[in-house]
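Here is how the chains run, residue by residue.
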Amino acid sequence: MDEGSSSAAAVGGVEVDTVGYRGVTACHAVGISYRQLDYWARTALVVPSIRDASGSGTQRLYSFRDLVVLKVVKRLLDAGVSLQNIRKAIETLRSRGVEDLAGITLISDGTTVYECRSPEEVVDLLQGGQGVFGIAIGGAFKEIQGSLSHLPAEPAAGAPVTTEAAEEEADDDSGAVGDELAARRARRRAG
């Protein structure tokens, strides 16, 4: 994670720069399979910035910014951009803070990925014939925030933290299967 950037954005009542998300949560938030996530981490396409896996039994921990980058990778792949060009685009995105990412639109012609920071740049690129599709990273940012509002998070230091919706689930004693799992988590946190 970019140490120089400080994000005041909160997801589910938790500051995004103080929590991380495990692989399964990242997959749900981004809409990818765990196999894709694992492959992208092993090939260094998107490596978790909070904690990488270091042997059997350890789990990767992704930052909010990592999840935004994962969402962009998914959208670029879905649009047919080559992995080589995606790697170049991701290198540029890695150098940005969370706030900077929200103001970027990526435009691609299927071969090259262009970074645009203003509506004028987008129009110029489209008028020049280069753009075929665009990805507004601010939109991906908002989608991830919405997805994470009901998914568990944990502090970068270790002990589990849940978002507001997950805490409400843990407090509900309706006896449903999902609530039983939430109750087990709550007992584990307390004990």
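Please read these numbers as outputs of a predicted model, since none were measured by experiment.

Each value, and the rule that gives it
- Residues numbered from 1 in each chain as written.
- Predicted model: local features only at pLDDT ≥ 70, side-chain atom pairs only at ≥ 80, totals over all residues.
- Heavy atoms only, no water.
- Salt bridge = Lys/Arg side-chain N within 4 Å of Asp/Glu carboxyl O.
- Helix = DSSP H or I, 4+ residues; strand = E, 2+ residues; numbered from the N terminus.
- Buried < 20%, exposed > 50% of the residue type's maximum accessible area, 1.4 Å probe, protein only.
- Pairing = 2+ DSSP bridges.
- Axes fitted to C-alpha atoms, helices over the stretch in contact; angles between N-to-C directions.
- Core = buried A, V, L, I, M, F, W, Y, C linked by side-chain atoms within 4.5 Å.
- Contact = heavy atoms within 4.5 Å.

Participant: Any details on the pattern of salt bridges? Residues and values, ideally.
Facilitator: The final tally for this structure, using the stated rule, is 10 salt bridges. In this structure, Asp38 and Arg60 form a salt bridge, with 3.0 Å as the shortest nitrogen-oxygen distance. Separated by 22 residues along the polypeptide, Asp38 in helix H2 (residues 34-42) and Arg60 in the loop between H2 and strand E4 (61-62) bring together distant segments of the chain. Its relative accessible area of 11% is what places Arg60 among the buried residues.

Participant: Go over the sheet that holds strand E3 (residues 19-22) with me, naming the residues and quoting the values.
Facilitator: The 3 strands are arranged E4-E3-E8 in an open sheet whose pairing can be described as antiparallel. Looking at strand neighbours, the two that pair on one side only are E4 and strand E8 (154-155), the edges of this open sheet. Across 2 bridges, E3 lies against E4 in antiparallel orientation. Note on E4: the bridge partner recorded for Tyr21 is Tyr62.

Participant: So what about the sheet that holds strand E7 (residues 133-136)? Which residues, and what values?
Facilitator: The antiparallel open sheet is built from 3 strands, whose spatial order is E6-E5-E7. Edge positions in the sheet fall to strand E6 (113-116) and E7, since each has one partner strand and no second. Here the average twist between neighbouring strands, direction ignored, is 25°. As paired strands, strand E5 (residues 105-108) and E7 are joined by 4 bridges and run antiparallel to one another. Bridge pairing in E7 links Ile107 to Gly134.

Participant: Describe the nonpolar core, listing the residues and the values that go with them.
Facilitator: In terms of nonpolar packing, the biggest core is built from 38 residues, with Leu67, Leu70, Leu76, Leu93 and Leu106 touching the most fellow members. Counting residues per element, the ones that place at least two in this core are E3, helix H1 (23-30), H2, helix H3 (64-78), helix H4 (83-94), E7 and helix H7 (137-148). A per-element tally of this core places H3 first, with 8 residues. Contact partners of Leu70, with chain neighbours within four places excluded, come to Ala26, Val30, Leu37, Trp40, Val46 and Tyr62.

None of the figures reported here should be taken as evidence of function without further support.
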